[in-house]
Amino acid sequence: MTHTKYHFISGLPRSGSTLLAALLLQNPRFHAGMTSPVGTLYTSMLHQFGAGTEFGPVITKAERKRLVRGLFDSYYAEHAEKSVVFDTNRMWTAHLPMLMDQFPGSKVIACVRNVAWVMDSIERKYAADPYEITRLFNDDNERATVYSRVETLALRNRMVGYPWAALKSAFYSEHAGSMLLIDYDLLAQAPQKVLPLIYDFIGAEPFEHDFQNIQYDAPEFDAPLGMRGLHKVRPEVSFQERDTILPPDLFHQYSQLSFWKDTTGSRANVITAKFVPTAIGN
């Protein structure tokens, strides 16, 4: 039986999850990376033994639990010597009951960002290659204009809308205390303040990170999407101010969706540029 501790990275796209994984990967005790297939394998398994399936009546709950745990341990078998494995997937905030049942005491680090800037970041990637049609959109109607592209991404089953809805559900759930939300702006501006808070939250020994020498890229993953550089991390952590390329009405509309700025009714832990706690706990 592995003694590896599992934690999870989730949250919104274009909000620092790949940057965070690249930083955590510097610690030789940790393994972290971009989105893994474990989440998709888990949901596929649910469809195989769920209600109405051929094997549903014969696979017990205890067997289901062992099968799901086996996914994690088998996939990360090559990293069994690591004390901590971070699995990244935007779907995990929609499956907190399973994570907390499988891995009691595990934590979910959720990266967040003003949704207007998330949309701006994706639109910039789209506009950067006018000779490509990204697979983020299903047809020419969806990719026709900046309005159709942003509205498509915001749908509850698409790239931005799904993780936003999943995160909001988790934010007000009974397991919210196991989550730490990190605002991208603060991670980019002051990583030396954010990383110690993460270590404190997961109960890990401190580690001195190098914020001027980061290495991470996944061209083999980005190429099939038709959006190059989606998971490429700059060598140095920095925050780059810029003007938005979104029309003002779109930018204003999606700037109103940062629900995590008000923690009323939630037990979630939040780190934003305006609120930097000295310690974090449930």
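For every chain, the first residue of the written sequence is number 1, and numbering continues from 1 along that sequence. pLDDT decides what is reported in this predicted model: residues at 70 or higher carry local features, side-chain atom pairs at 80 or more are listed and counted, and totals for whole chains, interfaces and linings draw on all residues regardless. Only hydrogens and water are removed before side-chain values are computed, so all heavy atoms of the structure are retained for them.

With an unreviewed UniProt entry as reference, the protein is termed Sulfotransferase, source organism Undibacterium umbellatum.

Asks: Explain the pairing of strand E3 (residues 84–88) to me, please; I cannot follow it from the model alone.
Replies: The two faces of the sheet receive side chains in turn, since in a regular strand these alternate between them. Across the five residues of E3, five count as buried, placing the element largely inside the fold. Strands were regarded as paired on the criterion that DSSP finds at least two bridges between them. A run of H or I in DSSP becomes a helix once it reaches four residues, and a run of E becomes a strand once it reaches two; helices and strands are each numbered from the N terminus. One ladder, built from two bridges, connects strand E2 (residues 30–31) with E3; its direction is parallel. Bridged to Phe-30 within E3 is Val-84. Three exposure classes are used, based on accessible area relative to the maximum for each residue type with a 1.4 Å probe and protein chains only: buried under 20%, partly exposed in between, and exposed over 50%.

Asks: What am I meant to see in helix H7 (residues 161–171) here?
Replies: Because an α-helix completes one turn every 3.6 residues, residues spaced three or four positions apart along the sequence face the same direction. With respect to burial, H7 is a largely interior element, eight of its eleven residues being buried. Regarding H7, the residues found buried are Gly-161, Pro-163, Trp-164, Ala-165, Ala-166, Leu-167, Ala-170 and Phe-171.

Asks: Even after reading the chapter, I still don't get the packing of aromatic side chains, so can you show me in this structure?
Replies: The description of an aromatic ring pair uses the distance of the two centres, along with the angle that the planes make with each other. Aromatic rings from Phe, Tyr and Trp, with only the six-membered ring used for Trp, were paired whenever their centres fell within 6.5 Å, and each pair was classed as stacked if the ring planes differed by under 30 degrees, edge-to-face if by over 60, and tilted otherwise. What the rule picks out here adds up to 18 aromatic pairs. Ring centres of Tyr-6 and Phe-72 lie 5.7 Å apart, and the angle between their planes is 65 degrees; this geometry places the pair in the edge-to-face category. You can see Tyr-6 sitting in strand E1 (residues 5–11) and its partner Phe-72 sitting in helix H3 (residues 61–75), a full 66 residues away along the chain. Relative accessible area serves as the criterion here: at 3%, Tyr-6 is assigned to the buried category. Measuring from ring centre to ring centre gives 5.4 Å for Phe-30 and Phe-86, while their planes differ by 70 degrees; the resulting arrangement is edge-to-face. In this pair, Phe-30 is assigned in strand E2 and Phe-86 in strand E3, connecting sequence segments 56 residues apart. The two residues Phe-30 and Phe-86 agree in class, both being buried. The ring of Phe-201 has Lys-107 sitting right over it, with the charged end atom 5.1 Å from the ring centre. Charge-over-ring placement is defined geometrically: NZ (Lys) or CZ (Arg) within 6 Å of the ring centre, and within 35 degrees of the ring normal.

Asks: Would you take a moment to explain the confidence of the model for the protein for this structure?
Replies: The quantity known as pLDDT measures the predictor's confidence residue by residue, on a range of 0 to 100. The predicted model of the protein averages 90 in pLDDT, with 88% of residues at 70 or higher. Pairs of residues are marked as contacts when any of their non-hydrogen atoms sit within 4.5 Å. Every residue in residues 275–282 is under pLDDT 50, and counting partners more than four places away or in other chains gives 22 contacts.

Asks: Just to check I follow, could you spell out the pattern of salt bridges for this structure?
Replies: Think of it this way: side chains of opposite charge can pair up when their charged atoms draw near. Here, a salt bridge means any Lys or Arg side-chain nitrogen found within 4 Å of an Asp or Glu carboxyl oxygen. Counted by the stated rule, this structure contains seven salt bridges. Between Glu-123 and Arg-149 there is a salt bridge, with its nearest N and O atoms 2.6 Å apart. Remark: Arg-149 occurs in helix H6 (residues 146–153) and Glu-123 occurs in helix H5 (residues 115–127); sequence separation between them is 26 residues. Exposure remark for Arg-149: the relative accessible area of 9% places this residue in the buried category. Ionic pairing is found between Arg-158 and Glu-142, a salt bridge with its closest N-O pair at 2.8 Å. Here Glu-142 lies in the loop between H5 and H6 and Arg-158 lies in the loop between H6 and H7, a separation of 16 residues in the sequence.

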